[in-house]
Every structure is written in structure tokens, then in C-alpha cells.
Amino acid sequence: MSKRIFVAGHNGMVGAALVRQLSKQENVDLVLRTRNELDLTSQAAVLAFFAKEKIDEVYLAAAKVGGIIANNTYPADFIYENLMIECNIIHGAHSSGINKLLFLGSSCIYPKLAQQPMSEQALLTGPLEPTNEPYAIAKIAGIKLCESYNRQFGRDYRSVMPTNLYGPNDNFHPENSHVIPALIRRFHEAKLKGQEEVVAWGSGKPMREFLYVDDMAEASIYVMNLDKAVYDENTEPMMSHINVGSGIDCTIRELVETVAKVIGFDGRVTFDASKPDGAPRKLMCINRINKVGWHNKITLENGLNKTYSWFENNQAKYRN
């Protein structure tokens, strides 16, 4: 008998990767809804959806996301919409008797000055990065919602916290994108225009960790399917989330040079040290997920090649 699996946010980068992975499995019946078909911020709509569809498992990948500018400009939108989505789906799943759910969070849940690498135990030990605090608060609430329904009702709701993700279906907008899609677009356009130089922001010294989104999807499914005794043995009731990352970071300079190589840009690459660097290092501790048997497979250069290939085939979306 097929499992009916609802992937909330299936058109996003992570949701689309989950659909790619889950559709390869036998006896899986994917249930998908666009924003126009189901408003996840409406409790009534979500409750009616769950009552009708008889779902077995939920992957909660839906979220309102954006870069620093968007987070700073629309903080109320970010905290409100993300809280509503999480509350409606997690409570709706419980109300309709769904026992298995996986919530996807973000590394921004950890304090701005968390010890590196950032372990799960760092949660709620210090102030958050101010620019995305509303978004981070919503993601922390999602973890605590899952834990609370587990403690009070015996549900099996789990949470995974990814490091910086990239890959197909990423946002390549010139102002609102994150570092990898922004660099891919910038070097691609520089190559097409025959530019001799590309200037990258900052000193190039900060270190960042990146994970290809299909690795994240595989890790999510792996954690969802872990035997409950194994999951419980390697987590804590009130610190139950699991970090997902590569465990390897690189300098921004190394990243920029690798992207230039992948794109085939032959000009000069320089760094504008007058621009902000951000935190000196952000690396996830992945001892928990390694201990339960999952390790990432896709190297940074391989993932960048895959992402650039996807971007080239989908450029029509990013011409403005």
C-alpha cells in the first residue's frame, strides 16, 4: 500500500529536491499543492486539506525566505507568515492523526556568536543575528512545536537544521539572492559581456559551509525514516533537532575562485575589503547525523557544476 506524503513548499529549492528524491521511491503517493491551491497561512484551509487527503507523512519545507535586505525590510511578514505556516501544518497534522512529520529549519537559529562548529546544544544560549532574528525566532518555534506535540501527545515529529544550501531552483535574483547564486549570475554575465574583472564583496577571509540541496533532501528522508529508538537515542526531548551539513568549510575567496573556474571566467577576481564580511566563520557540527549513519556525497565543485548547468537551462527566469 502506498504512503501518501505531503511535501509543503514543493516548488521551493528544498521542496523540489525532496520531490525529486521521493518520486524515485516505490509505494509513495506524493500530495502537492501550489500556493494558489492551498493557503498555508489559513488554519481553516489547512485543516480542511488534511481532513480530506488522509496524509501519512508530512515534510514541512514551506517558508517565507529572503536575503538580508528582505529580512530587514519586512520583519513582520517574515515572523508572521512563517509562524502561521508552521502552526497550521503541525497542529493540522496532529489534529488529523498524522504521526510522522519532518520540519526543516535553518542554521540561523543559532546565536550570532555561537562557538564553532555550532552544535545542537548551542540553541537558545545567546542573542541571534539581528538582521534575521524574526525569521530565526519562527524557525526556533517550529522546533519547539514539534517537541511539544511529541511530549504531550506522543507524536513522532522531527526537525533538521541545514547549513547554507544551494542548487537547482535557487533564487538568482541580482539583489535578493544568497552568495552562491549571486556569484554564479555575476560571473556568468561577466563572461558573456567579456568583462576583464569581477569584484567580490569583503576581504574573502570569512569561512562558510555549503551543502548541495539534493544532499539535504537525501538527509531529510534518511532522518524521517530512522527507527524512532535510534532517533530518540541520539537526540534529547527538548533539544531534538539534527544539524545537516558537509562538515567542511572554505574561505569566501576559495568559493569565489571555484565559482569563476566552474563558469569559465578568465578575467581578474578582486575583493573590495571596504564591504562587510559578516561573521568570521559559520560551520555546523554534524556529529549527530554522522553518528546515525548519514554523510553527504556531493563535493562543492561538483555541486556548483550541477547548479550552473541548471541555471544555464533556466536563464529565461532571470533576465530581469
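Details of the structure are given in the entry above.
Values in this document were obtained by computation on a predicted structure and should not be read as measured data.

K.L.:
Got a minute to help me understand the side chain of asparagine 82 in this structure?
P.N.:
With respect to the element layout, asparagine 82 can be found in helix 4 (residues 75-95). On the basis of relative accessible area, asparagine 82 is assigned to the buried category, the value being 1%. Apart from residues no more than four positions distant in its own chain, asparagine 82 is found in contact with Ala63, Lys64, Asp77, Tyr135 and Ala138.

K.L.:
Could you clarify how one ought to interpret the sheet that holds strand 1 (residues 3-8) in this entry?
P.N.:
Picture the strands of a sheet paired through backbone hydrogen bonds; they go either parallel or antiparallel. A sheet is described by the order of its strands in space; here six strands give the open sequence 2-1-3-4-5-9, paired in parallel fashion. Of all the strands in the sheet, just strand 2 (28-31) and strand 9 (242-244) have a single pairing partner and so form its edges. On average, each strand axis in the sheet is inclined to that of its neighbour by 25°, with strand direction left out of account. In this sheet, strand 4 (residues 100-104) lies alongside strand 3 (residues 57-60) in parallel orientation, the contact comprising four bridges.

K.L.:
How do you make sense of the environment of histidine 10 when you look at a structure like this?
P.N.:
By the secondary structure assignment, histidine 10 is in the loop between strand 1 and helix 1 (13-22). Sequence separation of histidine 10 and arginine 33 is 23 residues, and the distance between their C-alpha atoms is 7.7 Å. Setting aside anything within four residues of it in sequence, one finds histidine 10 in contact with Gly15, Ala16, Val19, Leu32, Arg33 and Thr34. At 3.5 Å, the side chain of histidine 10 forms a polar contact with the side chain of asparagine 11.

K.L.:
Looking at this structure, I do not really get the packing of aromatic side chains. What am I missing?
P.N.:
To describe a pair of aromatic rings, you give the distance between the ring centres and the angle between the ring planes. Tallied over the entire structure, the rule returns nine aromatic pairs. For the pair phenylalanine 6 and phenylalanine 49, a centre-to-centre distance of 4.6 Å together with 55° between the ring planes defines the contact as tilted. Placement of the pair is phenylalanine 6 in strand 1 and phenylalanine 49 in helix 2 (residues 43-53), with a sequence separation of 43 residues. On the basis of relative accessible area, phenylalanine 6 is assigned to the buried category, the value being 2%. Lysine 64 extends its terminal NZ or CZ atom over the ring of phenylalanine 78, reaching a point 5.2 Å from the ring centre.

Reading guide: rules and limits
What you see as residue numbers is a count from 1 along each chain, following the sequence as written. The model is predicted, so local features are restricted to residues of pLDDT at least 70 and side-chain atom pairs to those at 80 or more, both for listing and for counting; the totals for chains, interfaces and linings are taken over all residues. As a convention, hydrogens and water are excluded, and side-chain values are obtained from all of the structure's heavy atoms. Per the convention used, a helix needs a DSSP run of H or I reaching at least four residues, while a strand needs a run of E reaching at least two, with both numbered from the N terminus. Relative accessible area decides the class of each residue, using a 1.4 Å probe on protein chains only: under 20% of the type maximum gives buried, over 50% gives exposed, and in between gives partly exposed. Residues count as neighbours in contact if any of their non-hydrogen atoms are within 4.5 Å of one another. For two strands to be treated as a pair, DSSP must find no fewer than two bridges joining them. Under this scheme, a helix contributes an axis fitted over its contacting stretch, all axes are lines through C-alpha atoms, and angles between N-to-C directions fall in the 0 to 180 degree range. For the purposes of these results, a polar contact is taken to be a pair of N or O atoms within 3.5 Å, where, inside protein, one atom must be able to donate a hydrogen and its partner to accept one; residues adjacent in sequence count only when each atom of the pair is a side-chain atom. Note on aromatic contacts: the rings of Phe and Tyr and the six-membered ring of Trp form a pair at centre separations within 6.5 Å, being stacked when their planes are under 30 degrees apart, edge-to-face when over 60 apart, and tilted otherwise. By the criterion adopted, a ring carries a charge over it if an Arg CZ or a Lys NZ lies within 6 Å of its centre and within 35 degrees of its normal.

What is shown is where atoms sit, not what they do.
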